[in-house]
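Close look at the chain arrangement
Read off the chains here:
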Amino acid sequence: MDSKRITLALQKSGRLSEDSTDLIARCGIELRRQGGRLKVSSGNFPLDILFLRDDDIPEYVSDGVADLGIVGQNIVREKGREVRVVEPLGFSRCRLSIAIPKAEEFSGPASLEGKTIATTYPNSLRGYLDEHGVRAQVREIQGSTEVAPGIGLADAICDLVSTGSTLLTHGLREVEVVLHSEAVLVSSPDLSSEKQKQVEELLFRLRSVLRARESKYILLNVPNESVDQVTALLPGLRSPTVFPLAESGWSSVHAVIEEGDFWHKIDELKRAGAEGILVSPIEKMIA
Ligand code: PRT
Ligand code: ZN
């Protein structure tokens with residue numbers, strides 16, 4: 001094995017796959033994924049990718065078979081393997097929650113005392129119950145947890161929720177959040193210094209892509225008398241860039257804004273006299 005190449009474990013197929021491979025592509029790393037192959041190598045970065053079931057990723061990374069992995073925090077927590085969480089990636093957000101039949105009363109964790117809870121996350125659920133001093137029976141099942149109360153298999157369930165529509169369809173309501181999750185980059189606990197260097201290079205690219213995702217490039221025309229007011233609204237990487245327009249009395253202002261602030265900022269900018277506002281995505285952002 002080439003000691004300078006790093007191995008990244010990704011989910012083979014499922015909810016994490018597309019965002020994970022897309023992220024790697026945006027880092028300028030070319031992969032030629034052929035059919036159902038388990039391992040592919042990049043020709044332009046010292047990276048090999050292993051495609052696995054998401055549940056197996058923490059084990060492969062903690063054992064050092066893979067140096068890095070992309071997996072949900074829910075799986076990292078459930079498996080309890082020794083891995084280092086290097087970077088939250090902002091996709092596949094969900095929560096692990098306890099849900100009960102919607103007509104049932106719930107007045108806090110104590111309402112679960114003596115109940116049977118079906119889950120595919122027994123360790124996380126036991127952790128939650130212990131933390132709250134609740135004695136309940138954990139029934140580990142494989143998949144389709146949401147049907148368990150309806151067929152008399154359990155009183156409650158503990159499962160992943162994103163939109164909540166699965167719970168709704170099965171007449172259940174979410175009562176407690178056990179943990180919030182998103183996809184994270186994890187690394188092996190002990191990497192050689194050579195590999196660590198490659199990981200740093202990959203991380204530098206990843207962070208540039210992630211930062212850019214949260215930001216927009218904004219261009220607007222502003223009457224000169226409003227430039228100060230408008231630039232005060234736009235922090236930018238340092239401060240906004242201001243150019244004179246060919247038409248006298250007007251300037252063009254360029255800046256970077258946070259996606260989350262976007263609509264709120266646009267309203268304020270219009271009120272301050274900005275016109276011809278253009279907003280575009282940013283591909284990479286190097287701090
Ligand atoms: O085959 P493999 O083992 O690799 O895949 P998998 O079937 O175990 O996992 P997959 O692809 O379904 O999910 C991978 C990861 O996506 C999870 O570990 C989470 O980190 C994340 N994720 C985000 C979700 C959800 N959102 C999600 N909603 N995983 C599962 N769900 C399921 C949930 O279990 C429930 O059945 O979707 C349903 C609820 O969704 P809503 O939108 O109706 O609330
Ligand atoms: Zn899985």
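Each remark here, short or long, concerns the structure printed above.
Residues numbered from 1 in each chain as written. Chains lettered and ligands numbered in written order. Predicted model: local features only at pLDDT ≥ 70, side-chain atom pairs only at ≥ 80, totals over all residues. Heavy atoms only, no water.

**So, the packing of helix 1 (residues 17-26) against helix 6 (residues 193-213)**
Following both chains from N to C, one finds helix 1 and helix 6 inclined at 110°, their axes separated by 9 Å at the closest point. Our classification of the angle between helix 1 and helix 6 gives roughly perpendicular. On helix 6, the residues that touch Asp22, Leu23 and Arg26 of helix 1 are Leu206, Val209, Leu210 and Arg213. (Axes fitted to C-alpha atoms, helices over the stretch in contact; angles between N-to-C directions. Helix = DSSP H or I, 4+ residues; strand = E, 2+ residues; numbered from the N terminus. Parallel < 35°, antiparallel > 145°, perpendicular 65-115°, else oblique. Contact = heavy atoms within 4.5 Å.)

**What to know about the site of ligand 1**
The environment of ligand 1 is formed by 20 residues, the closest being Asp55, Asn74, Thr163, Gly164 and Thr166. A distance of 2.8 Å separates an oxygen atom of ligand 1 from a polar atom in the side chain of Gln11. About the coverage of ligand 1: the protein hides 78% of its 850 Å² of free accessible area. Sorting the residues of the shell around ligand 1 by element identifies helix 3 (73-79), strand 9 (156-161) and helix 5 (165-169) as the ones contributing at least two each. With three residues, strand 9 is the single largest residue contributor to the shell around ligand 1. Mapped onto the domain boundaries, the shell around ligand 1 takes at least three residues apiece from domain 1 (6-91 + 182-212) and domain 2 (94-181). (Near = heavy atom within 4 Å. Polar contact = N/O pair within 3.5 Å; in protein donor to acceptor, adjacent residues only side chain to side chain. Areas by Shrake-Rupley, 256 points an atom, 1.4 Å probe, with all protein chains shown as cover. Domains from an automatic or database assignment.)

**Things to note about the coordination of the zinc ion (ligand 2)**
The coordination sphere of the zinc ion (ligand 2) contains the protein donors Asp54 (OD) and Asp55 (OD), at a distance range of 2.0 to 2.1 Å. Geometry at the zinc ion (ligand 2) is irregular, judged from the four donor atoms that bind it and their angles of 75 to 169° at the metal. Looking at Asp55, the relative accessible area reads 23%, which means it is partly exposed. (Donors = N, O, S within 2.8 Å, 3.2 Å for Na, K, Ca; no water. Tetrahedral: all angles 85-135°; square planar, octahedral: opposite > 155°, others 65-115°. Buried < 20%, exposed > 50% of the residue type's maximum accessible area, 1.4 Å probe, protein only.)

**Concerning the pattern of salt bridges**
Pairing is possible between side chains that carry opposite charge, provided their charged atoms lie close to one another. Scanning the model with the defined rule gives 13 salt bridges in all. Taking the shortest distance from any N to any O, the salt bridge between Arg95 and Glu174 comes out at 2.7 Å. Highlighted residues: Arg95 in strand 6 (residues 94-101) and Glu174 in strand 10 (residues 172-181), separated in sequence by 79 residues. Residue class for Arg95 comes out partly exposed when judged on its relative accessible area of 22%. As a salt-bridge pair, Glu113 and Arg135 come within 3.1 Å of each other at their nearest N and O atoms. Of the two residues, Glu113 sits in the loop between strand 6 and strand 7 (116-119) while Arg135 sits in the loop between helix 4 (122-131) and strand 8 (137-140), which places them 22 residues apart along the sequence. The exposure class assigned to Glu113 is partly exposed, which follows from its relative accessible area of 35%. (Salt bridge = Lys/Arg side-chain N within 4 Å of Asp/Glu carboxyl O.)

**Here's the deal with the environment of Ser280**
Secondary-structure assignment places Ser280 in strand 15 (residues 275-281). With 65 residues separating them in the primary sequence, Ser280 and Ser215 have C-alpha atoms 9.2 Å apart. If sequence neighbours within four positions are ignored, Ser280 has contacts with Lys216 and Tyr217.

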